[in-house]
Amino acid sequence: YLISRCGKGPDRTWDALSLSRNQIEERDHGRQRGALGVLVDAGLDIVEWTAAQRPSKSDAIVETWFSAESFLLKRLALLAVSLSDHWSADSKLSWLLKNDLLYVLGLKHEVFKVLQVAYPTASPKLRTPTVERARLGHGPNLKVEERTNQYEVFNLIAWLHSSDPGCPIAQAVFLEMQKD
């Protein structure tokens, strides 16, 4: 992260290395960003191996990397959550909600990965607040055009519905939104 920040100025929200990787799980093999992609590939390897071989240690990676300044490390932490079989589906959704991640710009792909694996097997106790939060959209703190916000809300509800088409909670909201 520090290497990628060299010469970038004071804008701490800019993470060019993260932005260069639409999908972290698509390996770069050092082709982009002056071979820094190899470091991203190594981070992905660490996440995948630790989730499979040392699941309890992956929690430390999630905590440490998610609290880092680097957007890329946050994305890797989200992938670790999606791969963590020792986390229940309810725990994964609860973590997303607690950290208010459903609409964080730059994390959409990884958030959707967590939702894809967690939502279909989560309890109604966690599905309901997930759908309710999804309906709220970006919220008043972000300056997002209303049309963009509406699209993002519909997209997320459609994603939840497609993750589990038989879920009456997501289905009801999805059908309601299709009418509008």
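Scroll up to find the structure.
Conventions and cut-offs
Residues numbered from 1 in each chain as written. Predicted model: local features only at pLDDT ≥ 70, side-chain atom pairs only at ≥ 80, totals over all residues. Heavy atoms only, no water. Phe/Tyr/Trp six-rings, centres within 6.5 Å; stacked < 30°, edge-to-face > 60°. Helix = DSSP H or I, 4+ residues; strand = E, 2+ residues; numbered from the N terminus. Buried < 20%, exposed > 50% of the residue type's maximum accessible area, 1.4 Å probe, protein only. Salt bridge = Lys/Arg side-chain N within 4 Å of Asp/Glu carboxyl O. Expected span 1.5 Å × (residues − 1). Contact = heavy atoms within 4.5 Å.

1. Let's talk about the packing of aromatic side chains
Per the stated rule, a full pass over the model turns up four aromatic pairs. Note on F66 and W95: the rings are 4.9 Å apart at their centroids and 65° apart in plane angle, and the pair reads as edge-to-face. Of this pair, F66 sits in helix α4 (residues 55-66) while W95 sits in helix α6 (residues 89-98), and the two are 29 residues apart along the sequence. Like F66, the residue W95 is buried in the burial classification. An aromatic cluster of three or more residues is present, and its members are F66, W87 and W95.

2. Quick word on the pattern of salt bridges
This model, assessed by the stated rule, comprises five salt bridges. With a closest N to O distance of 2.8 Å, D100 and R133 form a salt bridge. Remark: R133 occurs in helix α8 (residues 124-136) and D100 occurs in the loop between α6 and α7 (108-118); sequence separation between them is 33 residues.

3. With respect to helix α9 (residues 146-163)
The end-to-end C-alpha distance of α9, which contains 18 residues, comes to 26 Å, matching closely the 26 Å that a straight helix rising 1.5 Å per residue would cover. Residues of α9 that are buried include every one of N149, E152, V153, N155, L156, I157, A158, L160, H161 and S163, and no others. Where α9 is buried, its residues meet α7, α8 and α10 (168-179).

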